[in-house]
Amino acid sequence: MSFAEEFVAGLRTRHIAPKWFYDAEGSRLFERICLLPEYYPTRTELALLDRHAPEFAARIGTGAEIVEFGAGASVKVRLLLDALESPRRFVPIDISGEYLAEAAATLRADYPGLAVEPLAGDFTRDLVLPPAAGRRIGFFPGSSIGNFEPEAAQALLARFRQWLDGGALLIGVDLFKEPAELHAAYNDAQGVTAAFNLNLLARANRELGADIDLGAWAHAAFYHPPLRRIEMHLVSRRRQVLQVGGERFEFDEGDSLHTENSYKYGVEGFRALARRAGFEPGPVWTDAARRFSLHWLEPANPA
Ligand code: AVJ
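Procedures and definitions
- Residues numbered from 1 in each chain as written.
- Predicted model: local features only at pLDDT ≥ 70, side-chain atom pairs only at ≥ 80, totals over all residues.
- Heavy atoms only, no water.
- Helix = DSSP H or I, 4+ residues; strand = E, 2+ residues; numbered from the N terminus.
- Rg over C-alpha atoms; globule rule 2.2 N^0.38 Å.
- Buried < 20%, exposed > 50% of the residue type's maximum accessible area, 1.4 Å probe, protein only.
- Contact = heavy atoms within 4.5 Å.
- Near = heavy atom within 4 Å.
- Polar contact = N/O pair within 3.5 Å; in protein donor to acceptor, adjacent residues only side chain to side chain.
- Areas by Shrake-Rupley, 256 points an atom, 1.4 Å probe, with all protein chains shown as cover.
- Nonpolar A, V, L, I, M, F, W, Y, C, P; charged D, E, K, R; others polar.
- Domains from an automatic or database assignment.
- Pairing = 2+ DSSP bridges.
- Axes fitted to C-alpha atoms, helices over the stretch in contact; angles between N-to-C directions.
- Parallel < 35°, antiparallel > 145°, perpendicular 65-115°, else oblique.
- UniProt positions renumbered as here; feature names shortened; annotations may be inferred.
- Expected span 1.5 Å × (residues − 1).
- Arc of directions from axis to C-beta.
- Core = buried A, V, L, I, M, F, W, Y, C linked by side-chain atoms within 4.5 Å.
- Buried area = accessible area lost by both parts, 1.4 Å probe.
- Salt bridge = Lys/Arg side-chain N within 4 Å of Asp/Glu carboxyl O.

Quick look at the overall build of the protein chain
Each helix and strand counted, the protein chain has nine helices and 13 strands in total. In terms of C-alpha radius of gyration, the protein chain reaches 20 Å, essentially the compact-globule figure of 19 Å for 303 residues. Projected onto its principal axes, the C-alpha positions of the protein chain cover 60 × 40 × 35 Å. Here the protein chain holds 303 residues, and 52% of them are scored as buried.

Observations concerning the side chain of Asp23
Among the secondary structure elements, Asp23 is positioned in the loop between α1 (3–13) and α2 (24–35). Once residues lying within four places of it in the same chain are set aside, the contact partners of Asp23 are Ser96, Asn199, Arg203, Arg206 and Glu207.

Some details on the site of the ligand
In the vicinity of the ligand there are 14 residues, among which Tyr39, Gly142, Tyr186, Glu260 and Ser262 approach most closely. Contact between the ligand and Glu260: a nitrogen atom at 2.6 Å from a side-chain N or O atom of the residue. The side chain of Ser262 places a nitrogen or oxygen atom 2.7 Å from an oxygen atom of the ligand. About the coverage of the ligand: the protein hides 97% of its 360 Å² of free accessible area. Classifying every residue of the shell around the ligand gives seven nonpolar, six polar and one charged. Composition of the shell around the ligand by domain shows at least three residues from each of domain 1 (3–33 + 179–263) and domain 2 (40–177 + 265–299).

Looking at the pairing of strand β11 (residues 256–263)
Where burial is concerned, most of β11 is hidden: seven out of the eight residues are buried. Bridging between strand β8 (residues 229–236) and β11 involves seven bridges; their strand directions are antiparallel. Residue Leu234 lies in a different strand from β11, and its bridge partner there is Leu257.

Some words on the packing of α2 against helix α8 (residues 192–208)
Angle between the axes and distance between the axes are the two parameters that describe a pair of packed helices. At a closest axis distance of 9 Å, the pairing of α2 and α8 adopts a crossing angle of 180°. Here α8 runs roughly antiparallel to α2, going by the angle between their axes. Here α2 contributes Glu25, Gly26, Leu29, Phe30, Arg32 and Ile33 to the contact with α8, which in turn contributes Val192, Thr193, Ala195, Phe196, Asn199 and Arg206. Of the residues contributing to the contact of α2 with α8, the split by class is six nonpolar, three polar and three charged.

Observations regarding the environment of Ala210
Turning to its location among the elements, Ala210 is positioned in the loop between α8 and β7 (217–224). Residue classification places Ala210 among the buried residues on the basis of a relative accessible area of 8%. Distance from Ala210 to Gly245, taken between C-alpha atoms, is 8.0 Å for residues 35 residues apart in sequence.

Observations concerning the UniProt feature "domain: Histidine-specific methyltransferase SAM-dependent" (unreviewed entry) in the protein chain
Mapped onto the present numbering, the UniProt feature "domain: Histidine-specific methyltransferase SAM-dependent" (unreviewed entry) falls on residues 4–298. This span, residues 4–298, is 39% helix and 25% strand, and a straight line between its end C-alpha atoms measures 38 Å.

Some remarks on helix α6 (residues 150–164)
Given a rise of 1.5 Å per residue, 15 residues ought to cover 21 Å, and the 21 Å separating the end C-alpha atoms of α6 matches this to within 8%. Turning to α6, its buried residues are Ala153, Leu156, Leu157, Phe160, Trp163 and Leu164. One face of α6 carries all of its buried residues, which in axial projection span an arc of 115°. Exposed residues lying more than 90 degrees from the buried face of α6 are Glu151 and Gln162. Looking at the buried side of α6, the elements it contacts are β1 (65–69), β5 (136–140), β6 (169–174), α9 (267–276) and β12 (279–286).

Concerning the nonpolar core
Counting 35 residues, the largest nonpolar core has Phe7 and Trp217 as the members making the most contacts within it. Taken together, the elements giving at least two residues each to this core come down to α1, α2, α7 (179–185), α8, β7, β8, β9 (240–244) and β10 (247–251). For Phe7, the contacting residues outside a window of four places in its chain are Ile16, Leu200, Leu201, Ala204, Leu208, Ile212 and Val244.

A look at the sheet that holds β8
With respect to topology, three strands assemble into an open sheet ordered β7-β8-β11, the strand pairing being antiparallel. Taken across any chain shown, the strands that pair with only one partner, and hence form the sheet edges, are β7 and β11. Each neighbouring strand pair of the sheet contributes to a mean axis angle of 20°, computed without reference to strand direction. Of the strands in this sheet, β7, β8 and β11 touch α8, which is tilted by about 60° from β8.

Details of the domain arrangement of the protein chain
In terms of domains, the protein chain is made up of domain 1 (3–33 + 179–263) and domain 2 (40–177 + 265–299). Distance from the C-alpha centre of domain 1 to the C-alpha centre of domain 2: 27 Å. On the domain 2 side, the residues contacting the 20 residues of domain 1 number 19 residues. When the two sides are added together, the surface that domain 1 and domain 2 hide from each other amounts to roughly 1,700 Å², 48% of it contributed by carbon and sulfur. Looking only at domain 1, the three residues that lose the most surface to domain 2 are Lys19, Glu181 and Tyr263, adding up to 37% of its buried area. Put simply, domain 1 and domain 2 have four salt bridges between them. Between Arg229 and Glu149 there is a salt bridge; the shortest N-O distance is 3.9 Å. Put simply, domain 1 and domain 2 have seven residue pairs in polar contact (both at pLDDT 80 or more) between them.

Okay, structure coming up:
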């Protein structure tokens, strides 16, 4: 489904998938989130990638192909690529095609021996990957897996496992922790996360000719301990009617659109989920404060 179709359907169900945050503006805002003092995941994962790059390189081997799911900016994969011996090909997959082309061009310039073949598309849907050009290694950093309900996360991992064709997956997973720390990460003082959330409505105005008053919506993000997830919502500040795609949608003051879930895991809980998806979990790397984890997953029954 297109953004237009899913946005209109989302106004009906009051639930819109977070992948629609990432138009060019949303991708830029997300990059600013990654630099915020409160948003620990990016910093922590980058430090882990940097510190353990030689170990990843040894496991990945020579002449490998790296497939990154949800590529965005290339800061993380560069840490990996820099440590690898003669990587053959890099296939970044991202839903924001515009953003992807930019990143691919700079990567080509910086890694002359590397074939960079971006794939614009939605990896949660049917997507055809080219035949592997070497041992295929999946890279899924950032804890994007947290956006999926646990059952959907399991299904997505199972799909990756098939795409990887016997290769391994290196995946970043945010860990559950003190609610106050989680809360701060999604309610930053500068309001960048709020702007990121509200950009969904700005995008509808830009792309769908909607006329949504952004001032009539508030950012809300909170941790829900029983489900171990952050929820983000857009809350209507007053009674209002939206007209989009020839339909009317009424919102009362306090009514909300649910725009994101970000599940947090325990190390063992995530390993169990990976096993259910057909992986044999290998080593796990975490920071000293156990804020974030990187998992090496091998297919349990290589093809
Ligand atoms: C890209 C899904 C990992 O859940 O932390 C950051 C997105 N949303 N701040 C996350 C996000 C609000 C992010 N993921």
